[in-house]
Amino acid sequence: MKIASISVYSADLTYAGDAYSFAGGRSHQVFPSVVVAITTDVGVVGYGEVSPCGPNYMPAYAEGIPSAIELLAPHIIGLDPRDTSVVYRKMNLELSGQQVAKAALDMACWDILGKATGLPVYTLLGGLQAESMPVHRIVPLADFSQMQESLEQFRSEGFRSIQIKLGHDVDQDVAMIRQLSDDRPSDELWVGDINGAWRRDEAIRFSHAVSDVDLYLEQPSRSFDEVLSVRGRLIHPLKLDESLNSVEDLQRAIREDAMDAISLKVSKFGGLTVSRVIRDICVDAGIPMTIEDAWGSSIATAAFAHLAASTPAKQLLNTTDLDNYNTTKLAEGGPVVRNGRMFMNDRPGLGVEPDFEMLTPVAAHE
């Protein structure tokens, strides 16, 4: 089996709420998504999807992804997509960085591997570890009444894992967390996510001011060194996200005891091939994970859901359902969320089929 052609598509995903806002004044309503279809010489087709959550969140630009794929395509056409590590090494040899673009192609290769073997991707990544998985929902940064309304809606829908965006001034965030804590059910897991926007002193001040509130603090400051500096002075367990971008970053973080949990975003690390390594290192080190992605619709959700489903339940904090964050879905057949938990199906590969009426052709490589 060989890669015969690669097609690239685009779509705009419209956020289902008023605006997806987070610290630093960043706010988005529409998210460009890039979908790839890899077709083999025997007719098996695999799909991948990436969406960088706007141009100011991660070092990737949606409109630039097709250009990176154009560079990569001639070097992987003719390779066997079932040899996922071989394809991934070839992409790294031909293009430095650009992990998000590589991730779309890598996901499609795993989809083909699953279809070729007749197995769900979660089986190939280690096997289904639990009947269902906890799903977190995000409360975007807004005024208190809007955040309270979002939180109450998620509770009514059965969600018990809540990520709360922080990023007002520290005193406002302290007051907001205290107000949101009123009548908080005992079974809720909270993450306060700052997306790297605070100074070190602000992170310390916030943690001490709400020392009695049970939550994780996620990426309070921008860089790894800044976060490591405050690690021992925080009251709350620390979760890393933006400052981890490679296996080497993760190994350093474990070596220096820099975190208590991580957010594993599949596209940031280059796809499932590397994310599986990240996942397994964390399992071995006893580091719990949120397994998710920056943004996306049904194909991206299916990809990270398969990784989450094959993760030991004790090490999985939660996953999420990005396809339900948008007003439209780009594919059918993905995992289903009921009462705050995600359930997988046993379809081969990623288990999703794109709705091509929602996709705009961008490029074709043969």
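Located above this text is the structure these notes cover.
Draft legend 1. The arrangement of the sheet that holds strand β11 (residues 238-240) in detail. Read from one edge of the open sheet, eight strands run β7-β8-β9-β10-β11-β12-β13-β14, paired in parallel fashion. Bordering the open sheet on either side are β7 (136-139) and β14 (316-318), each of which pairs with just one other strand. Taken pair by pair, the neighbouring strands of this sheet meet at an average axis angle of 30°, ignoring direction. Where strand β8 (residues 161-165) and strand β9 (residues 189-193) come together, five bridges link them in parallel fashion. The residue bridging Ser161 from the neighbouring strand is Leu189, located in β9. Against the sheet, helix α10 (residues 272-285) engages β12 (261-265) and β13 (289-292), with an angle of about 165° to β12.

Draft legend 2. Expanded view of the side chain of Ser297. With respect to the secondary-structure elements, Ser297 resides in the loop between β13 and α11 (298-309). Polar contacts involving the side chain of Ser297 include one to the main-chain amide nitrogen of Leu330, which spans 3.0 Å.

Draft legend 3. Seen up close, empty space enclosed by the protein. Under the counting rule described, the total for this entry stands at two cavities of 30 Å³ or more. Counted as a void, the largest cavity has a volume near 140 Å³. Surrounding the largest cavity, 20 residues form its lining, Tyr20, Ile138, Lys165, Lys265 and Ala294 being those nearest its centre. Of all the secondary structure elements, the ones that give two or more residues to the lining of the largest cavity are β2 (20-22), β7 and β8. Looking at the lining of the largest cavity residue by residue, the class counts come to nine nonpolar, four polar and seven charged. A volume near 30 Å³ is recorded for the second largest cavity.

Draft legend 4. Region of interest: the sheet that holds strand β19 (residues 360-365). Spatial strand order, β5-β4-β1-β19: four strands in an open sheet with antiparallel pairing. Looking at the sheet topology across the chains shown, the edges are occupied by β5 (45-50) and β19. Between one strand and the next, the sheet's axes are offset by a mean angle of 20°, whatever the strand orientation. The sheet contact formed by strand β4 (residues 30-40) and β5 spans six bridges and is antiparallel. Pairing of Thr39 across the sheet is with Val45, part of β5. Where helix α1 (residues 65-76) meets the sheet, its contacts fall on β1 (3-14), β4, β5 and β19, and the angle it forms with β1 comes to roughly 165°. Packed onto the sheet, α11 meets β4 and β5 and runs at close to 95° relative to β5.

Draft legend 5. Quick peek at the packing of aromatic side chains. With the rule as written, the count across this model stands at 10 aromatic pairs. The positively charged end of Arg184 is found above the aromatic ring belonging to Trp190, 4.0 Å away from the centroid.

Draft legend 6. Focus on helix α3 (residues 99-117). With 19 residues, α3 ought to run about 27 Å at 1.5 Å a step, and its terminal C-alpha atoms sit 26 Å apart, in line with that. A large share of α3 lies buried, amounting to 15 of its 19 residues.

Draft legend 7. Examining the environment of Leu307 more closely. With respect to the element layout, Leu307 can be found in helix α11. Classification of Leu307 as buried rests on a relative accessible area of 0%. Counting along the chain gives 242 residues from Leu307 to Ile65, while the straight-line C-alpha distance between them is 23 Å. Beyond its immediate sequence surroundings of up to four residues, Leu307 is in contact with Leu125, Leu264, Val266, Leu272, Ser275, Arg276, Arg279 and Ile291.

Here is what the cut-offs are and how they apply
- Each chain carries its own residue numbering, running from 1 in the written order of its sequence.
- Totals for whole chains, interfaces and linings use all residues, but because this is a predicted model, local features are given only for residues with pLDDT of at least 70 and pairs of side-chain atoms are given and counted only at 80 or more.
- Think of the side-chain values as coming from all heavy atoms in the structure, minus any hydrogens and water.
- At least two bridges found by DSSP between two strands are what make those strands a pair.
- A run of DSSP states H or I qualifies as a helix once it reaches four residues; a run of E qualifies as a strand once it reaches two. Both are numbered from the N-terminal end.
- Between N-to-C directions, angles cover 0 to 180 degrees, with each direction set by a line fitted to C-alpha atoms, over the stretch in contact for helices.
- The contact rule is simple, with two residues in contact once any of their heavy atoms fall within 4.5 Å.
- Nitrogen and oxygen atoms within 3.5 Å of one another constitute a polar contact, given that in protein one can donate a hydrogen and the other can accept it, and given that sequence-neighbouring residues count only through two side-chain atoms.
- The rule is simple: put a 1 Å grid over the protein atoms alone, call a set of points where a 1.4 Å probe fits but cannot get out a cavity, call an open set with protein on both sides within 12 Å along at least five of seven lines a pocket, and count a residue as lining if it has an atom within 4 Å of a point.
- Grid points are joined across faces, edges and corners, and a volume is the space filled by probe spheres set on the points.
- All amino acids are sorted into three groups, where Ala, Val, Leu, Ile, Met, Phe, Trp, Tyr, Cys and Pro are nonpolar, Asp, Glu, Lys and Arg are charged, and the leftover types, Gly among them, are polar.
- Planes of paired rings set the category: under 30 degrees apart is stacked, over 60 is edge-to-face and the rest tilted, where pairs are Phe, Tyr or Trp rings (Trp by its six-membered ring) whose centres lie within 6.5 Å.
- Only lysine NZ and arginine CZ atoms are considered, and such an atom sits over a ring when it is within 6 Å of the ring centre and within 35 degrees of the ring normal.
- Residue count minus one, scaled by 1.5 Å, sets the expected span of a helix.
- Buried residues are those whose accessible area, probed at 1.4 Å on protein chains only, stays under 20% of the maximum for their type, while exposed residues exceed 50% and partly exposed ones sit between those limits.

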